[in-house]
Amino acid sequence: MICGTCGARDSEFPTLVSWSPDGKLLYLAIGGQATYAVPLRPGQILPTLPAAGIRTAEELAALPGARAFPVPGAFAGPTSAQRNIYRVPVP
């Protein structure tokens, strides 16, 4: 079990779970609090989790290497740079 409250309807912000495109990070956001990036070892789908799953932000923050993003529900995007693709040169 990843988390004991995933998809719970009793919260305005349900827990969100996602992986980075390269599979090196697991992103978790619990109930409108910060989103955490948890590093994964090669070939690992999930880090070692509590038997009952993660229930609080404190349990999530205690996972080895977990880093918080201060924006609730934020997930990192691709590492490629975004540029203005509609830039028109002016003569």
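Higher on the page you've got the structure.
Throughout what follows, the structure given in this document is the object of discussion. Nothing here was measured: the structure is a model prediction, and the numbers come from that model.

## As for the overall build of the protein
No. 1: When helices and strands are counted, the protein shows one helix and four strands.
No. 2: When the helices and strands of the protein are read in sequence order from the N terminus, they spell out β-β-β-α-β.
No. 3: When the 91 residues of the protein are sorted by exposure, 27% land in the buried category.
No. 4: Restricting to contacts in the protein with at least 6 residues of sequence separation, those with at least 24 account for 49%.
No. 5: Entry remark: accessible area of the protein is about 6,500 Å², with carbon and sulfur atoms responsible for 59%.

## A few points about a nonpolar patch on the surface
No. 1: Taken together, the side chains of Val17, Trp19 and Ile45 define a hydrophobic patch exposed on the protein surface, amounting to about 290 Å² of accessible area.
No. 2: Within the secondary structure layout, Ile45 lies in the loop between strand 3 (35–39) and helix 1 (57–61).

## A word on the sheet that holds strand 1 (residues 16–19)
No. 1: Reading across from one edge, 1-2-3-4 is the order of the four strands in this open sheet, with antiparallel pairing throughout. Sheet topology places strand 1 and strand 4 (67–69) at the edges, where each strand pairs with a single neighbour. Neighbouring strand axes in the sheet, compared pairwise and without regard to direction, differ in orientation by 25° on average.
No. 2: Relative to strand 3, strand 2 (residues 25–29) runs antiparallel, the two sharing five bridges. Paired with Ala29 across the two strands is Thr35, which belongs to strand 3.

Analysis parameters
Here, residues in each chain are numbered from 1, in the same order as that chain's written sequence. Thresholds applied to this predicted model are a pLDDT of at least 70 for local features of residues and 80 or more for the giving and counting of side-chain atom pairs; totals over whole chains, interfaces and linings are not thresholded and use all residues. Side-chain numbers come from the whole structure's heavy atoms, not from hydrogens or water. Only runs of H or I of at least four residues qualify as helices and only runs of E of at least two qualify as strands under DSSP, and these elements are numbered from the N terminus. Note on exposure labels: buried denotes an accessible area under 20% of the residue type's maximum, exposed denotes more than 50%, and partly exposed covers the range between, all computed with a 1.4 Å probe on protein chains only. Pairs of residues are marked as contacts when any of their non-hydrogen atoms sit within 4.5 Å. Accessible surface area values rest on a Shrake-Rupley calculation with a 1.4 Å probe, where residue burial reflects the displayed protein chains alone. The patches reported here contain residues having more than 30% relative accessible area and no salt bridge. Joining distances are 9 Å for like charges and 5 Å for nonpolar side chains (Val, Leu, Ile, Met, Phe, Trp, Tyr). Any Lys or Arg side-chain nitrogen located within 4 Å of an Asp or Glu carboxyl oxygen qualifies as a salt bridge. A strand pair is defined by DSSP finding two or more bridges across the two strands. Helix axes are fitted only over the stretch in contact, all axes being lines through C-alpha atoms; the angle between N-to-C directions runs from 0 to 180 degrees.

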